[in-house]
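Spelled out, the chains give:
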Amino acid sequence: MAFTVLVKDAHSLARVGRLKTRSGSVETPVFMPVATKTAVKHISPEMLEEMGAQATISNSFVLSLRPGAKIVKKVGGIHTLSTYTGVMFTDSGGFQMYSPSLYKGSNDLGVEFKNPYSGERIFMTPEQNMQLQLDLGSDVAMCFDTMPLIEHSKDAVALAVNRTSSWARRCKETHDTLQKKVSKGKRQLLFGIVQGGVHDDLRRISAGALTELDFDGFAIGGLALGEAKEEEYRMIEVCQEYLPRNKPVYLMGAGNPIELLEAIERGCDIFDSRFPTMNARHGNIFSWKGKYIVTNAEHKASLKPLDESCDCSVCKRYSRAYVCHLIRNEEGVGYQLASYHNLYFLQELMRRVRKAIKVGTFGKFKKTFIKNYSKK
RNA sequence: GCGAUCGUGGUGUAACGGUAGCACAACGGCCUGUGGCGCCGUUAGAGUGGGUUCGACUCCCACCCCUCGCU
């Protein structure tokens, strides 16, 4: 079994677990920085290791465009390519259906994308995507799913759910076949993805259908995309009624600190999001006293660190005045310092959450954190 | 000293005898399985003085300023 629950919270579904992969283990709850092309924007692999990021997620579809699966395979996979020593997830590319510039259309067979570099059309099937993710050499692959847009009708979401279920089966079969000869410890893991928008019944159908397949973990997709927070949390609860408790649950795309705690309380173990890095590039800084915008005028001459109670290497050395100046002037180093801090903040948050669960104080920790983070 | 040209938000620029538009800057906000450092909102303007006109940023006069040319 790849996943082991180590400690359960007595008052909620929160837990500390360990996910074993062929490149090492991660202790959950865990937040994965998004490294679409195997690099987090403005952050090097050694910085990720330094801040304690146990895992990242890259995008198989984007990597298939450049440098291409052939090249990646030739150099020995994304681990060798990037030298990152943590665990590497790859996303399928299903989410890129959300990008109007990349997505052309889809049918029961697969998805038609546009290569933004060459303009050529690419048809991707679930089977091809499984081969792709294996070629890239990630430790955990995600199923090729169909992503309904938030504004889509319920009928459209139902269609997406059905297609996602049937593709999940095809992914699982292909993935098993391709790894038939691989020894157990060297296997790439595969996670299924639940869809269903904000509809309880569709989420139940989706989660139920996926659970019939023996995935290494289960992801909840299609949330954290602008729906109301209460709906998001309710959807997690609905999915959890069906998902097995002995497998890791991955809430895809979530990266708001409070949202992470709410999801952990509801039994989610793994997260990823571009939220911290995108916020950083736009001057939004996470701190234990709440989020603020460092490029605002009030910080122009502030010698305070980004966060007075943070011990990351950026906060130890640099001032708000410096980061404010650099970001206002579009200096890459400014983006780097802010990105590093925000990512460190989430890593530290996860470390404290794991500790709190272990010592039985998760509920109290969550309450205190939200109180401090929300004031202002 | 003379002549010509030009004066519009902080900056750079439009249009028009009848609601002064745009860009950048400034100020505030947004961002959630990242092709794209992107998006939204707010503040802020007619050199000065007179004249013509129902009405002038616009037409006329004087002064001032900028730039260019001449002596």
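Small disclaimer: the values here were computed from a predicted structure and weren't measured. Starting afresh in each chain, residues are numbered from 1 along the sequence in its written order. Going through the entries in the order they are written, you letter the chains from A and number the ligands from 1. Since the coordinates come from a predicted model, pLDDT governs what is reported: local features require at least 70, and pairs of side-chain atoms require 80 or more to be given and counted, while whole-chain, interface and lining totals use all residues.

1. Comments concerning the overall build of chain A
Next, step 1: Every helix listed is a DSSP run of H or I at least four residues long, and every strand listed is a run of E at least two residues long, numbered separately from the N terminus. Scanning chain A for helices and strands turns up 14 helices and 16 strands.
Next, step 2: Its C-alpha atoms give chain A principal-axis dimensions of roughly 60 × 50 × 45 Å.
Next, step 3: Counting only residues that meet the buried cut, chain A has 50% of its 376 residues in that class. Burial is judged by counting the other C-beta atoms within 10 Å of a residue's own C-beta: 20 or more makes it buried, 12 or fewer makes it exposed, and any count in between marks it as partly exposed, with every C-beta position built from the backbone.

2. Points about the domain arrangement of chain A
Next, step 1: Note that the domain bounds reflect an automated or database-derived domain assignment. Domain annotation of chain A identifies domain 1 (3–273) and domain 2 (286–367).
Next, step 2: Taken over C-alpha atoms, the centre of domain 1 sits 27 Å from the centre of domain 2.
Next, step 3: By the convention adopted here, residues are in contact when the distance between their C-beta atoms, placed from the backbone, does not exceed 7 Å. Taken together, the contacts link 25 residues of domain 1 with 22 residues of domain 2.
Next, step 4: Counting residues per element, the ones that place at least two in the side of domain 1 that touches domain 2 are β2 (15–21), β4 (30–33), α1 (45–51) and α9 (257–265).
Next, step 5: Take the side of domain 1 that touches domain 2: its biggest share by element is 5 residues, from α9.

3. Here's the deal with the protein's contact with RNA strand B
Next, step 1: The local shell around RNA strand B holds 48 residues, among which Ser-101, Ala-224, Gly-253, Arg-274 and Ala-297 are the closest.
Next, step 2: Every element with two or more residues in the surface near RNA strand B is listed here: β5 (55–59), β14 (270–273) and α10 (275–281).
Next, step 3: Broken down by class, the residue content of the surface near RNA strand B amounts to 18 nonpolar, 20 polar and 10 charged. In this entry, near means the residue's backbone-placed C-beta atom lies within 6 Å of the molecule or strand. Any residue that is not Ala, Val, Leu, Ile, Met, Phe, Trp, Tyr, Cys, Pro, Asp, Glu, Lys or Arg is counted as polar, Gly included; the first ten are nonpolar and the last four charged.

4. A few points about the packing of helix α5 (residues 126–136) against helix α6 (residues 154–178)
Next, step 1: Two elements in contact, α5 and α6, have axes whose closest approach is 8 Å; the angle formed by their N-to-C orientations is 45°. With respect to their mutual orientation, α5 and α6 come out oblique. Between α5 and α6 lies a crossing whose hand is right-handed. Residue-level inspection shows Pro-126, Glu-127, Met-130, Gln-131 and Leu-134 of α5 in contact with α6, the latter providing Trp-167, Arg-170, Cys-171, Thr-174, His-175 and Leu-178.
Next, step 2: Classifying every residue of the contact of α5 with α6 by side-chain character gives 6 nonpolar, 3 polar and 2 charged. Simply put, an axis is a line fit to the C-alpha atoms, just over the touching stretch for a helix, and the angle between two N-to-C directions goes from 0 to 180 degrees. Here roughly perpendicular refers to angles of 65 to 115 degrees, roughly parallel to angles under 35, roughly antiparallel to angles over 145, and oblique to all remaining angles. What makes a crossing left-handed is the near helix being turned counterclockwise from the far one by less than a right angle; a clockwise turn instead makes it right-handed.

5. Considering the sheet that holds β4
Next, step 1: When DSSP finds at least two bridges between two strands, those strands are taken to pair. In space, the 8 strands of this open sheet follow the order β4-β14-β13-β12-β11-β10-β6-β5, with parallel pairing throughout. Either end of the sheet is taken by a strand with one partner, and the two such strands are β4 and β5. Between one strand axis and the next, the sheet turns through 25° on average, direction left out of account.
Next, step 2: Summarising the sheet, strand β12 (residues 217–220) and strand β13 (residues 249–251) pair through 3 bridges and their orientation is parallel. Residue pairing for β13: Ile-220 is matched across the bridge by Leu-251.
Next, step 3: Together, β11 (189–194) and β12 form the strand contacts of helix α7 (residues 200–211), whose direction differs from that of β11 by roughly 160°.

6. Some remarks on unusual backbone geometry
Next, step 1: Note that the residue after Thr-28, namely Pro-29, is joined by a cis bond; omega there is 0°.
Next, step 2: For Pro-29, the position within the fold is in the loop between β3 (24–28) and β4.
Next, step 3: Here the residue pair Arg-66 and Pro-67 is connected by a cis peptide bond, since its omega of 0° sits within 30 degrees of zero.
Next, step 4: The topology assignment puts Pro-67 in the loop between α2 (60–65) and α3 (69–75).

7. Things to note about helix α8 (residues 229–240)
Next, step 1: With 12 residues, α8 extends 17 Å between its outermost C-alpha atoms, agreeing within 8% with the 16 Å of an ideal straight helix rising 1.5 Å per residue.
Next, step 2: Among the residues making up α8, those that are buried are Glu-232, Met-235, Ile-236, Val-238 and Cys-239. Each buried residue of α8 lies within a common arc of 165° when the element is viewed along its axis, so the set occupies one face. In α8, those exposed residues whose orientation departs by more than 90 degrees from the buried face are Lys-229 and Glu-230.
Next, step 3: Of the surrounding elements, those touching the buried residues of α8 are β11, α7, β12, β13 and α9. An expected span of 1.5 Å times one less than the residue number is assigned to each helix. By arc we mean the arc of the directions from the helix axis to the C-beta atoms, nothing more.

8. Looking at helix α13 (residues 332–359)
Next, step 1: In a regular helix each residue adds 1.5 Å, so 28 residues correspond to 40 Å; α13 covers 41 Å between its end C-alpha atoms and thus fits that length.
Next, step 2: Among the 28 residues of α13, 20 are classified as buried, and the element is accordingly described as predominantly covered.
Next, step 3: The positive-phi residue at the C-terminal boundary of α13 is Gly-360, with phi of around 80°.

9. Description of the nonpolar core
Next, step 1: By our criterion, buried Ala, Val, Leu, Ile, Met, Phe, Trp, Tyr and Cys residues that link up through C-beta atoms within 7 Å make up a nonpolar core. Ranked by internal contacts, the top residues of the largest apolar core, which has 94 residues, are Cys-143, Phe-191, Phe-218, Ala-219, Ile-220, Leu-251 and Val-323.
Next, step 2: In terms of residue count, the dominant contributor to this core is α13 (13 residues).
Next, step 3: Both domains that meet at this core, namely domain 1 (3–273) and domain 2 (286–367), each give it at least three residues.
Next, step 4: Beyond its immediate sequence surroundings of up to four residues, Ala-219 is in contact with Met-142, Phe-191, Gly-192, Ile-193, Val-194, Tyr-250 and Met-252.
Next, step 5: Membership of the second largest hydrophobic core comes to 12 residues, among which are Phe-95, Met-97, Val-111 and Val-161.

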